[in-house]
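Observations on the three-dimensional arrangement
Here is what each chain is made of, one letter per residue.
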Amino acid sequence: MRRTRKVSVFVALLLVLSLLLVACGNPAETPPAGGEQSSTDTNEPSGSTSTDQEAQGDATIITINAIFDPPPAINGNPWAPPGLNNLGDLVYDRLFDCVPDVKAGKTEFIPMLGESFEEEGNKLIIHLRQGIKWSDGTPFTSKDVLSTYYLGFMAGWPMWKYVDTIETPDDYTVIINWRNTGSVMAPMAFANLIQGPYHIYGKWADQLAPLTEKRDAQGNVDQATNDAIAAIREDLYKFKPAVTEIVGNGPYIISNLTASEAILKKNPNSWSASNLKIEQVKALRDTTTEAFVSNIMSGAYDLDVGGVAPDVLKQLQEKSNCRKNILK
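Residues numbered from 1 in each chain as written. Predicted model: local features only at pLDDT ≥ 70, side-chain atom pairs only at ≥ 80, totals over all residues. Heavy atoms only, no water.

1. A few points about the overall build of the protein
- Scanning the protein from terminus to terminus reveals 9 helices and 10 strands.
- Expressed as a percentage of its 328 residues, the buried residues of the protein come to 45%.
- In the protein, of all internal contacts separated by at least 6 residues, the share reaching a separation of at least 24 is 64%.
- Accessible surface, the protein: about 16000 Å² in total, of which carbon and sulfur atoms supply 51%. (Helix = DSSP H or I, 4+ residues; strand = E, 2+ residues; numbered from the N terminus. Buried < 20%, exposed > 50% of the residue type's maximum accessible area, 1.4 Å probe, protein only. Contact = heavy atoms within 4.5 Å. Areas by Shrake-Rupley, 256 points an atom, 1.4 Å probe, with all protein chains shown as cover.)

2. Details of the nonpolar core
- With 65 residues, the main nonpolar core has Leu87, Leu95, Tyr149, Met159, Ile176 and Leu264 as its most contacted residues.
- Here this core takes 7 residues from helix α4 (residues 142-155), the largest share from any one element.
- Judged by nonpolar contacts, the second largest core, of 6 residues, contains Leu284, Phe292, Met297 and Val312. (Core = buried A, V, L, I, M, F, W, Y, C linked by side-chain atoms within 4.5 Å.)

3. Digging into the sheet that holds strand β8 (residues 252-257)
- Within the open sheet, the 4 strands sit side by side as β1-β10-β9-β8. Their pairing is mixed. Of all the strands in the sheet, just β1 (61-66) and β8 have a single pairing partner and so form its edges. Neighbour-to-neighbour, the strand axes of the sheet open up by a mean angle of 25°, direction not taken into account.
- As defined by bridge partners, strand β9 (residues 261-266) adjoins strand β10 (residues 280-285) across 5 bridges and the pair is classed as antiparallel. (Pairing = 2+ DSSP bridges. Axes fitted to C-alpha atoms, helices over the stretch in contact; angles between N-to-C directions.)

4. Description of the pairing of strand β4 (residues 114-120)
- Here 6 bridges tie β4 to strand β5 (residues 123-128), and the two strands are oriented antiparallel to one another. Opposite serine 116, over in β5, you have histidine 127 as the bridge partner.
- Counting the residues in the hairpin turn of β4 and β5 gives 2 residues, including glycine 121, whose phi is positive at 65°.

5. Observations regarding the packing of α4 against helix α7 (residues 223-237)
- Axis separation between α4 and α7 bottoms out at 10 Å; the angle between their running directions is 110°. Classified by the angle their axes make, α4 and α7 are roughly perpendicular. Seen from above, α4 lies across α7 with left-handed handedness. Note on element contacts: α7 touches α4 through Ile229, Arg233 and Leu236, opposite Leu151, Phe153 and Met154.
- Of the residues assigned to the contact of α4 with α7, the class counts are 5 nonpolar, no polar and 1 charged. (Parallel < 35°, antiparallel > 145°, perpendicular 65-115°, else oblique. Left-handed = near helix turned anticlockwise from the far one by under 90°. Nonpolar A, V, L, I, M, F, W, Y, C, P; charged D, E, K, R; others polar.)

6. Some details on the packing of aromatic side chains
- Evaluation of the coordinates by the stated rule reveals 14 aromatic pairs.
- Ring geometry for phenylalanine 96 and phenylalanine 190: centres 4.7 Å apart, planes at 45°, overall tilted. Highlighted residues: phenylalanine 96 in strand β2 (residues 96-101) and phenylalanine 190 in helix α5 (residues 185-190), separated in sequence by 94 residues.
- On the basis of relative accessible area, phenylalanine 96 is assigned to the buried category, the value being 2%.
- The exposure class of phenylalanine 190 is buried, given its relative accessible area of 0%. (Phe/Tyr/Trp six-rings, centres within 6.5 Å; stacked < 30°, edge-to-face > 60°.)

7. Topic: the environment of tryptophan 134
- Among the structural elements, tryptophan 134 can be located in the loop between β5 and α4.
- Sequence-wise, tryptophan 134 and proline 268 are 134 residues apart; in three dimensions their C-alpha atoms are separated by 9.7 Å.

8. A short note on the sheet that holds β4
- Spatially, 4 strands are ordered β4-β5-β7-β6 in an open sheet, and the strand pairing comes out antiparallel. The sheet is open, and its two edges are formed by β4 and β6 (163-170), each paired on a single side. Between one strand axis and the next, the sheet turns through 15° on average, direction left out of account.
- Where β5 lies against strand β7 (residues 173-178), 5 bridges are found, and the strand directions are antiparallel. The residue of β7 that forms the bridge with histidine 127 is threonine 173.
- Each of β5, β6 and β7 is contacted by α4, which is oriented at about 160° to β6, the strand it contacts most.

9. Quick look at the pairing of β10
- Within β10, 6 of the 6 residues are buried, leaving the element largely enclosed by the surrounding structure.
- Here β10 shows two buried faces, one formed by Gln280, Lys282 and Leu284 and the other by Val281, Ala283 and Arg285.
- Strand direction decides the pairing type here: β1 and β10, joined by 6 bridges, are parallel. Each residue of the ladder has a partner; that of threonine 63, found in β10, is lysine 282.

10. With respect to the pattern of salt bridges
- Within the structure shown, the criterion is met by 3 salt bridges.
- The shortest N-O distance in the salt bridge between glutamate 167 and lysine 123 comes to 3.9 Å. Of this pair, glutamate 167 sits in strand β6 while lysine 123 sits in strand β5, and the two are 44 residues apart along the sequence.
- Classification of lysine 123 as partly exposed rests on a relative accessible area of 32%. (Salt bridge = Lys/Arg side-chain N within 4 Å of Asp/Glu carboxyl O.)

11. Here we look at unusual backbone geometry
- Here the amide bond leading from proline 71 into proline 72 is cis, since omega sits at 5°, within 30 degrees of zero.
- Along the chain, proline 72 turns up in the loop between β1 and α3 (88-91).
- Proline 82 follows proline 81 through a cis peptide bond whose omega is 5°.
- Tracing the chain through its elements places proline 82 in the loop between β1 and α3.
- Even without a glycine there, the phi angle at asparagine 85 is positive, about 50°.

This is the structure:
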């Protein structure tokens, strides 16, 4: 399997909005995950010359590549194996997207679920956007962020080596008290997708909360605590809703998924919904390096979210120049 960088697909999509062309093609006619209904856009055969705009009215569609496990392995619990891989960046958001500028020696923080933050000594004080809802209509609050961080403790997130305590003084404020100060603390906290809605995962998060207090100075726990965490993890892994039943806070929701592709449609409850011009995403599943290269060389993707090797990039540039010469 081709190894890709973990990127924020949503930000990439926004950056190329002005360059997008309408993509062609429809989902392959393979059984959807979890026995859910197939997308209604599966009647037209692949390779059709009619555009998706003709099939979807004024909807704007983009085709990308993605890594995810095929059904029945993939499920709607992002904490359970095999996880969502690249699709997670489409159905969940971070508090802030961190964009480092190496030359300038600084990091830009793009507000997403978070609105602003400040650092006061060992405290990272995060202010959340208000009025946000999960895709099922449940209000998004600081309790969801705290739930996510406790589940991240179970998942071994590196930030828990440095966290002292986390507070939620109100519905829209999260305060992380660090054991030490440092320029990497905020990016470490913001690197994670907020994917633990309390109304769904709260019963596991509540069990993990007291276990975070049993860490030593290096962030490690004793065997008894580790066994308790393992028991909670095992119970959480049993929760496997269909992948189309995911409750997210990101720009899209998964409407259909097969062994070859995933269809994602705009989440009307997303904080960015009013500014999101791409109504639907078709994510073609990467299976092998050869298939990926073949797809990118044939122009199957509107956007590659993982990057290509230098030799493939050179071939694409040569192919592009060839097309330009033909059109002259």
